[in-house]
Amino acid sequence: MATDTTTIYIYRGDASGGEERPYLVEISPGMVILDAIHYIQANDAPDLAVRWNCKAAHCGSCSAEINGHPRLLCKTRLDDYLATDTPVHVRPMKTFPIIRDLVTDVSWNYRMAKRIPPFHPAHPAPFTLDQRDVARIQEFRRCIECFLCQDICHVIRDHDAKDAYMGPRFMAKLAELEMHPMDTENRIPFVRNDAGLGWCNVTHCCSEVCPEGIEITGNAIIPLKERLADQFWDPVRRIFRRSSLTDVGQHEPKDS
Amino acid sequence: MAQSPSREKSQLKPKSETAWWLAPNLTLVVFSLFVLYSAWEVLTHNVGRYQNYLSPYFSPDVGLWLGVPFLPAVLVAWIPLGFRASCYYYRREYYRGFFRDPAACGIHDRSKRYQGETRAPLSWNNLHRFFLYLALVVVVFLWKDAVDGFWYQGHLEVGLGSLILLLDAILLSFYTFSCHAFRHLVGGNIDCFSCQSGGRSRYRWWRTISTLNQRHGLFAWTSMFMVWGTDLYIRLLLSGVIHDVKFF
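What counts and how
Residues numbered from 1 in each chain as written. Chains lettered and ligands numbered in written order. Predicted model: local features only at pLDDT ≥ 70, side-chain atom pairs only at ≥ 80, totals over all residues. Heavy atoms only, no water. Helix = DSSP H or I, 4+ residues; strand = E, 2+ residues; numbered from the N terminus. Buried < 20%, exposed > 50% of the residue type's maximum accessible area, 1.4 Å probe, protein only. Lys, Arg positive; Asp, Glu negative; His and termini not counted. Charge placed at Lys NZ, Arg CZ, Asp CG, Glu CD. Domains from an automatic or database assignment. Contact = heavy atoms within 4.5 Å. Buried area = accessible area lost by both parts, 1.4 Å probe. Salt bridge = Lys/Arg side-chain N within 4 Å of Asp/Glu carboxyl O. Pairing = 2+ DSSP bridges.

1. Description of the overall build of chain B
On a plain count of helices and strands, chain B comes out with 9 helices and 4 strands. With respect to the three principal axes, the spread of C-alpha positions in chain B is 75 × 50 × 35 Å. Counting only residues that meet the buried cut, chain B has 52% of its 248 residues in that class. In chain B, the 24 positive side-chain charges and the 15 negative ones have mean positions that sit 10 Å from each other.

Encoded structure:
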């Protein structure tokens, strides 16, 4: 019985340059793109560099671009493309510097993470928390740090504004900390001045590519923009805040 | 640090978005037509009332209250138009459709002087909540207009116009109350629902508004077409092109 095969085009190169090369892959049922890459490594190109770990969409290591669209290699089925006769082109993430082949240097993200003011609770853990108060921030804790949202964000991707804007991943992180019921730190001036929230024009691409389905724009970025408006654009609420009519009864008041 | 060679403009279209150009161009055309129609309606007409039907562009009837006979819609139409222009959903749509910042996800953004919303006039979008406050007042009057649409010369009367005004008020209410700024005011600004008085009910309201908020884009489009259609219906009645269909 003849074996079904397909050709996959994979970017091969490093910082000095490179090109896409075609590889013939034997198709097996349920194959994901990462399986195809492992097949190529085993049969044609043992030196093909790809970063991967869990193969279960939990570690966020195998981020790349398939036909120009940021995706996890382990979560993208080959038969989705075969069904529509679409050739498969796999390239490294465009936003980050290439190391080799499909591996990019994402260390900029870790440097950004270090700049975020850490969790500053009203009193040391353990806490007793109501589920209603933490349901909202639990969504952000699903993040696997694949950085696909950073890759698709046009502010970083096309304008290379890495000095001005931290990107959607860290907006979600900032929202998670800012909305935590036990946190006392006011990060909104940081969000505005250091994290560069104003650079985001809410085009929702980060939410569209998130493999964990985190609604980054709607639940993190826009709420942060509203909190920023509370503090910097709304004199009415500023008066009310002085009268302690908002955020009354927090575990510990913000700005204390 | 070396840049990825893949930083060159991608020639490849995303698999699921081969017709990526369709949505931004459709937005461009429809929004442009809506803005042109609104400008024509607001800037060239002194009357927006036909019997007991009042066009949403002219509501509330501030011109009548202040005795302004010329272009009374100018006095109020800036509120719903400003509310829509600063709306988070519309921002996404016009940044994609008009500014091409970007036209679609993963499509190269050609803008050379992109500053996001850090500078005026786009930073003025942060004033969205003030338009919301005013839009909430307008919604009250739209409901009054919808009720008035069923009463003509002291009698209950149901015409096609009555139903159109009612649907207009319903859709505009959904659009206004599903707004991100309203969601924030209802409960988004609270970190700890359980530790403040009324927190339980605010949490329930916040959840409800959050559910509506997921359909904000749908309400944005449908309410826009409804305003457009309502006004056009009343304008055609005023000009005598059509006659209102009375059911009873």
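Moving on, there is more to tell.
2. Some words on the domain arrangement of chain A
Residue and element names in this part refer to chain A. For chain A, the assigned domains read domain 1 (5-104) and domain 2 (107-247). If you average the C-alpha positions of domain 1 and of domain 2, the two centres end up 31 Å apart. Listed by partner, the interface residues are 17 residues for domain 1 and 17 residues for domain 2. When the two sides are added together, the surface that domain 1 and domain 2 hide from each other amounts to roughly 1,300 Å², 55% of it contributed by carbon and sulfur. Of all residues in domain 1, the largest losses of buried area upon contact with domain 2 belong to Pro70, Thr95 and Phe96, amounting jointly to 43% of the total for that side. Remark: the boundary between domain 1 and domain 2 carries 2 salt bridges.

3. Here we look at the environment of arginine 192 of chain A
All names here are of chain A. Within the fold, arginine 192 resides in helix α8 (residues 188-193). Spatially, the C-alpha atoms of arginine 192 and leucine 224 are 9.2 Å apart, while their sequence positions differ by 32 residues. Beyond its immediate sequence surroundings of up to four residues, arginine 192 is in contact with Leu197, Leu228 and Phe232.

4. Structural notes on the pairing of strand β4 (residues 69-72) of chain A
Residue and element names in this part refer to chain A. The pairing of strand β3 (residues 63-66) with β4 spans 4 bridges and is antiparallel. When the bridges of β4 are listed, alanine 64 appears paired with arginine 71. Between β3 and β4, which pair antiparallel one after the other, the connecting turn spans 2 residues, and asparagine 67 there sits at a positive phi close to 50°.

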